[in-house]
Amino acid sequence: KERDRANQEAETAKRVSSFLEDLFKVGDPSEARGKEITVRDILDDGAKRIDRELKDQPKTRARLLATMGETYLSLSVLDRAEDLLQSSLQANADAFGTDSVEYAGVLVALAMNKWAEGEQREALALARQSTAIVEKRLPADDTLRLKTAWLMGVTLPSEGDFEGGRRKLEEGLRVIEASRTPDER
């Protein structure tokens, strides 16, 4: 069963990689034909292609929607990030389930987007939902757990829970400190 799951994961990763490679071929001078192409152009084209080309590949579609949404978030194109992350949330629910690590990862990205938009209460609700999943499924030193601890730490004060926020941030710091090698200390 584990071998089958690993093979399926490898196939999904291969499809994601292939899609992204093909997407960025547009930046090839022979393809562009002198037209200036921005990262935003490439992302916009990719977002359209996901729905058109990956309807029959739900796991690949779910992963790519999340990747594209997170990329828009990193570029501070928050409205577009929101749209893609919402689509990704549903796609991940369908492909992996609402109690999956994949779903929790999208909740974290969506919470970060809400936080960037100044919607701390919405970010906190999403962070709580993600935390409930990752605390059951992931070890304490997992990067996604650290992200949820950070999100809880920065959003709990929106409810006036400054002490709870401080505890979550300290929890994350303890995990980071414990995972550092002696050379890094």
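Conventions we followed
Residues numbered from 1 in each chain as written. Predicted model: local features only at pLDDT ≥ 70, side-chain atom pairs only at ≥ 80, totals over all residues. Heavy atoms only, no water. Helix = DSSP H or I, 4+ residues; strand = E, 2+ residues; numbered from the N terminus. Buried < 20%, exposed > 50% of the residue type's maximum accessible area, 1.4 Å probe, protein only. Contact = heavy atoms within 4.5 Å. Areas by Shrake-Rupley, 256 points an atom, 1.4 Å probe, with all protein chains shown as cover. Axes fitted to C-alpha atoms, helices over the stretch in contact; angles between N-to-C directions. Parallel < 35°, antiparallel > 145°, perpendicular 65-115°, else oblique. Left-handed = near helix turned anticlockwise from the far one by under 90°. Nonpolar A, V, L, I, M, F, W, Y, C, P; charged D, E, K, R; others polar. Expected span 1.5 Å × (residues − 1). Phe/Tyr/Trp six-rings, centres within 6.5 Å; stacked < 30°, edge-to-face > 60°. Salt bridge = Lys/Arg side-chain N within 4 Å of Asp/Glu carboxyl O.

Engineer: Outline the overall build of the protein chain, listing residues and values.
Structural biologist: Scanning the protein chain from N- to C-terminus turns up 9 helices and 0 strands. Starting at the N terminus and ending at the C terminus, the protein chain contains elements arranged as α-α-α-α-α-α-α-α-α. Here the protein chain holds 185 residues, and the buried ones make up 37% of them. For the protein chain, the share of sequence-separated contacts (at least 6 apart) that also reach a separation of at least 24 residues comes to 58%. Carbon and sulfur atoms provide 49% of the accessible area of the protein chain, an area that totals close to 10700 Å².

Engineer: Please give an account of the packing of helix H4 (residues 58-74) against helix H6 (residues 101-116) that cites residues and values.
Structural biologist: Following both chains from N to C, one finds H4 and H6 inclined at 20 degrees, their axes separated by 10 Å at the closest point. As summarised for this structure, H4 and H6 are arranged roughly parallel, according to the angle between their axes. In this structure, the crossing between H4 and H6 has a hand that is left-handed. Taken together, the residues of H6 that come into contact with H4 (itself represented by Arg-63, Ala-66, Glu-70 and Leu-73) are Glu-102, Gly-105, Val-106, Ala-109, Met-112 and Asn-113. The residue makeup of the contact of H4 with H6, split by class, is 5 nonpolar, 2 polar and 3 charged.

Engineer: Just give me the short version of helix H3 (residues 39-53), but keep the residues and values in it.
Structural biologist: The end-to-end C-alpha separation of H3 is 20 Å, in line with the 21 Å expected for 15 residues at 1.5 Å each. Along H3, the residues classified as buried are Ile-42, Leu-43, Gly-46, Ala-47, Arg-49 and Ile-50.

Engineer: Any details on the packing of aromatic side chains? Residues and values, ideally.
Structural biologist: Each aromatic ring pair is specified by the distance between its two centres and by the angle formed by the two planes. Across all of its chains, the model carries 1 aromatic pair by this definition. When the centroid spacing of 5.1 Å and the interplanar angle of 75 degrees are considered together, the rings of Trp-115 and Trp-150 count as edge-to-face. Residue Trp-115 is located in helix H6, and its partner Trp-150 is located in helix H8 (residues 143-155); the two are separated by 35 residues in the primary sequence. The class of Trp-150 is partly exposed, set by a relative accessible area of 32%.

Engineer: So what's going on with the pattern of salt bridges? Residues and values would help.
Structural biologist: All told, the structure shown has 11 salt bridges when counted by the stated rule. The residue Glu-102 makes a salt bridge to Arg-63 at a minimum N-O spacing of 3.9 Å. Linking Glu-102 in helix H6 with Arg-63 in helix H4, this pair joins segments that are 39 residues apart in sequence. Given a relative accessible area of 25%, Glu-102 falls into the partly exposed group. Exposure remark for Arg-63: the relative accessible area of 22% places this residue in the partly exposed category. Note that Lys-168 is salt-bridged to Glu-171, the shortest N-O span being 3.5 Å. Remark: Glu-171 and Lys-168 occur in helix H9 (residues 162-179); sequence separation between them is 3 residues, near one turn of the helix. By relative accessible area, which is 28% here, Glu-171 ends up partly exposed. Through salt bridges that share partners, Glu-163, Arg-166, Arg-167 and Glu-170 make up one connected network.

These values are about where atoms sit, not about what they do.
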